[in-house]
Amino acid sequence: NIPEDHADKLLLASWGLPKAVLEKYHSLGVVQMFEWQAECLMLGQVLEGKNLVYSAPTSAGKTLVAELLILKRVLETRKKALLILPFVSVAKEKKCYLQ
């Protein structure tokens, strides 16, 4: 569980994302995360590029965790990222979404 002093970490706006990114998520109705998603982002040194393995049911929000990790790393390090997706349809959706 998220400690009370980190409850603001459920809000996407607390993760230092650019305004345009936050506006895109907000337009899709994504303003905050589930507790387990924020916990993933706060584990160890995940935000510094260390590995993270997590599992959740279909449509539980796994992609949001990956997107936030990728976005933060790309913006902070100015390096490229590779996002591997399981289906062509998902890849096309994410291509449009992330542009």
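Right above here is the structure, for reference.
A few points on the structure.

Cut-offs applied
- Position numbers for residues count from 1 along each chain, tracking the sequence in the order it is written.
- For this predicted model, a pLDDT threshold of at least 70 governs which residues receive local features, and a threshold of 80 or more governs which side-chain atom pairs are given and counted, while totals over whole chains, interfaces and linings are taken from all residues.
- Derived side-chain values reflect all non-hydrogen atoms in the structure, with water molecules and hydrogen atoms excluded from consideration.
- Secondary structure elements follow DSSP: runs of H or I of four or more residues count as helices, runs of E of two or more count as strands, with numbering from the N terminus.
- Using C-alpha atoms as the atom set, the radius of gyration is obtained and then compared with a globule rule of 2.2 Å times the number of residues to the power 0.38.
- When checking whether two residues touch, look at their non-hydrogen atoms; a contact exists if any pair is within 4.5 Å.
- Here the accessible surface of atoms and residues is derived via Shrake-Rupley with a 1.4 Å probe, and residues count as covered only by protein chains that are part of the display.
- Within this scheme the basic residues Lys and Arg register as positive and the acidic residues Asp and Glu register as negative, but His and the chain ends are omitted.
- Where a charge sits is defined by one atom per residue type, namely NZ (Lys), CZ (Arg), CG (Asp) or CD (Glu).
- A pairing counts as a salt bridge when a side-chain nitrogen of Lys or Arg comes within 4 Å of a carboxyl oxygen of Asp or Glu.
- Think of it in three bands: residues with accessible area under 20% of the maximum for their type are buried, residues over 50% are exposed, and the middle band is partly exposed, with areas taken using a 1.4 Å probe on protein chains only.
- For helices, the fitted axis covers only the stretch in contact; all axes are lines through C-alpha atoms, and the angles between them, taken along N-to-C directions, range from 0 to 180 degrees.
- Helix crossings get a hand from a simple test, with the near helix turned counterclockwise from the far one by less than a right angle marking a left-handed crossing and a clockwise turn marking a right-handed one.
- Residue polarity is assigned by list, with Asp, Glu, Lys and Arg as charged and Ala, Val, Leu, Ile, Met, Phe, Trp, Tyr, Cys and Pro as nonpolar; anything else, Gly included, falls into the polar class.
- A helix is expected to span 1.5 Å multiplied by its residue count minus one.
- As used in this structure description, the phrase polar contact means that two N or O atoms lie within 3.5 Å; if the pair is within protein, one of them must be able to donate a hydrogen and the other to accept it, and residues adjacent in sequence are counted only when both atoms belong to side chains.

## Focus on the overall build of the protein chain
If you tally the helices and strands in the protein chain, you get 4 helices and 0 strands. Shown N-terminal to C-terminal, the secondary structure of the protein chain runs as helices and strands in the order α-α-α-α. Here the protein chain has a C-alpha radius of gyration of 13 Å; the compact-globule value for 99 residues is 13 Å, and the two agree. Its C-alpha atoms put the protein chain at 40 × 30 × 30 Å along the principal axes. Partitioning the intrachain contacts of the protein chain with sequence separation of at least 6 by distance along the chain shows that 55% fall at a separation of at least 24. Looking at the protein chain as shown, the accessible area adds up to about 7,100 Å², and 57% of this sits on carbon and sulfur atoms. Of the side chains in the protein chain, 13 bear a positive and 10 a negative charge, and the two mean positions are spaced by 14 Å.

## A few points about the pattern of salt bridges
As enumerated under the stated definition, the model contains 3 salt bridges in all. The shortest N-O distance in the salt bridge between Glu76 and Lys72 comes to 2.9 Å. Remark: Lys72 and Glu76 occur in helix α3 (residues 62-77); sequence separation between them is 4 residues, near one turn of the helix. Accessibility expressed as a relative area gives 12% for Lys72, which makes it buried.

## Considering the packing of helix α2 (residues 35-42) against α3
Running from N to C, α2 and α3 cross one another at 35 degrees; their axes reach a closest spacing of 10 Å. Judged by the twist between their axes, the crossing of α2 over α3 is right-handed. Along its contact with α2, which presents Trp36, Gln37, Cys40 and Leu41, the element α3 presents Lys62, Leu64, Val65, Leu68 and Leu69. Across the contact of α2 with α3, the residue classes break down as 7 nonpolar, 1 polar and 1 charged.

## A short note on α3
In this model, α3 (16 residues) spans 23 Å end to end at C-alpha, consistent with the 22 Å of a helix rising 1.5 Å per residue. Turning to α3, its buried residues number three or more, namely Leu64, Val65, Glu67, Leu68, Leu69, Leu71 and Lys72. Looking at the packing, one finds that the buried side of α3 touches α1 (19-27), α2 and α4 (88-98). Positive backbone phi, approximately 60 degrees, marks Arg78, located one or two places after α3.

## What about the side chain of Glu67?
Of note, Glu67 is situated in helix α3. Looking at Glu67, its side chain comes within polar contact range of the side chain of Tyr25, at 2.6 Å. Apart from the residues lying within four places of it in its own chain, the contact partners of Glu67 are Tyr25, Lys94 and Tyr97.

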